[in-house]
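Given next are the chains, with one letter for each unit.
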Amino acid sequence: MRAFVIGNAAIDETISVDGLPEPGVSILGRIVSRDLGGKGTNQAVVMARGGLETTLVSATGDDFRSATICEQLAQEPLDARLSRLSGISTDFSMVLTTPDGENANVTTTEAAEALPLDVAMKALGEAEPGDFLVMQGNLNAATTEALLKSGRERGMVTVFNPSPLRPYFDRLWRFIDIVFLNESESLSLAGSTGQTAAETLHGLGIRQVVLTAGTNGAILSTSGGDFVHVPAVKATAIDTTGAGDTFMGAALASAAHRGGVLDARAISHASAASALTVARRGTRRAFPSRDELAMIFAG
Ligand code: ATP
């Protein structure tokens, strides 16, 4: 089986500062990491490293950040189809972190919002029933809805990560089979967390709900009543960027090894994979390697 990830590609820059700046004040900072990121890209990289044949469809501008994204993606075992759009800035995230653990994050989505629908639809033309279509909240509303609808019509398994939160998600639920979300997304979208939230989301037609809760682990709920809690794997966390993306990518890659069935084993594998990510600084460079994922999946 294959996965088609249609989402954003970005450069993540983390800058260490003594304190977050007040309005109108200039401060000094130190770059602590600059890495390939973007939720769509992160999830695709982990899936591909996990042995799932993965196509990533994304858009960038035509600038220095785009060149870096292309170079880094070329080192990954995935089929990356980037539209380089002129007159548009490549997306990036700037994370300011302070010594006491506070942070502030600015993310641009100009390129993701401009992803040409026809390029993404063309890629979906290669999909077979049962393949994963994986999407997030970075593309514009019309593109996201059209692609999920098309995935559903093609018999793909549609997987959605409702992040960043957008007002248009209400239109999407009816096209979604599996949702992965964290606690704050769950509170915003379902008004609760845990099993209650899962039931609310099943009521919208979503077959499987995976709710992650940081060090409290994750739950997998399947409509019809199956419910499992998987604890987090102990780790010394130094940078949790990309924990949720690693979790989702590893869970889907693990499921693909069993014909695409998302089960408790996939969630355990995802917990082990994300424990590796949180113990390392950066985004792509922090993700588990192919060998590490193979070892996790063998367990
Ligand atoms: P992020 O936005 O940082 O990528 P998220 O908020 O989407 O993450 P979380 O629920 O924080 O997602 O984390 C996803 C999974 O990663 C958790 O279910 C857990 O398995 C693992 N994880 C997160 N933080 C830790 C930690 N400190 N130690 C061990 N595992 C962790």
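Scroll up a little and you will see the structure.
Right, let's walk through the structure included here. None of these values were measured; they are calculated from a predicted model.

## Observations regarding helix H8 (residues 243–256)
Taking 1.5 Å per residue as the helical rise, H8 with its 14 residues ought to reach 20 Å, and the 20 Å between its terminal C-alpha atoms agrees with that figure. Most of H8 is tucked away: 13 of the 14 residues are buried.

## Looking at the packing of aromatic side chains
Across all of its chains, the model carries four aromatic pairs by this definition. For the ring pair Phe160 and Phe169, a centre distance of 5.1 Å and an interplane angle of 90 degrees mean the geometry is edge-to-face. Assigned by exposure class, Phe160 and Phe169 land together as buried. Note on Phe169 and Trp173: the rings are 6.3 Å apart at their centroids and 65 degrees apart in plane angle, and the pair reads as edge-to-face. According to the relative accessible area criterion, Phe169 is buried, its value standing at 2%. What makes Trp173 buried here is its relative accessible area of 5%.

## Quick notes on the site of the ligand
Around the ligand there are 18 residues in total, and Asn182, Thr212, Gly214, Thr240 and Gly244 lie nearest to it. Measuring from an oxygen atom of the ligand, one finds a side-chain N or O atom of Thr212 at 2.8 Å. Ala243 is positioned such that a nitrogen or oxygen atom in its backbone is 3.1 Å from an oxygen atom of the ligand. Notes on the ligand: free accessible area 630 Å², of which the protein chains cover 81%. Among the elements of the structure, H8 and helix H9 (264–278) are those that each provide at least two residues to the shell around the ligand. For the shell around the ligand, the per-class residue count stands at eight nonpolar, ten polar and no charged.

## As for the side chain of His202
Among the structural elements, His202 can be located in helix H7 (residues 194–203). Residue His202 is classed as buried on the basis of its relative accessible area, which comes to 16%. Other than its neighbours up to four places away in sequence, His202 contacts Arg207, Gln208, Val209, Ser221, Thr222 and Ser223.

## Here's the deal with the environment of Ala10
Relative to the helices and strands, Ala10 is located in strand S2 (residues 10–16). Ala10 gets classed as buried once you look at its relative accessible area, which sits at 3%. Sequence-wise, Ala10 and Gly37 are 27 residues apart; in three dimensions their C-alpha atoms are separated by 5.0 Å.

The rules behind each value
Residues numbered from 1 in each chain as written. Predicted model: local features only at pLDDT ≥ 70, side-chain atom pairs only at ≥ 80, totals over all residues. Heavy atoms only, no water. Helix = DSSP H or I, 4+ residues; strand = E, 2+ residues; numbered from the N terminus. Expected span 1.5 Å × (residues − 1). Buried < 20%, exposed > 50% of the residue type's maximum accessible area, 1.4 Å probe, protein only. Phe/Tyr/Trp six-rings, centres within 6.5 Å; stacked < 30°, edge-to-face > 60°. Near = heavy atom within 4 Å. Polar contact = N/O pair within 3.5 Å; in protein donor to acceptor, adjacent residues only side chain to side chain. Areas by Shrake-Rupley, 256 points an atom, 1.4 Å probe, with all protein chains shown as cover. Nonpolar A, V, L, I, M, F, W, Y, C, P; charged D, E, K, R; others polar. Contact = heavy atoms within 4.5 Å.

So far we have only geometry, and geometry alone does not tell us how the molecule works.
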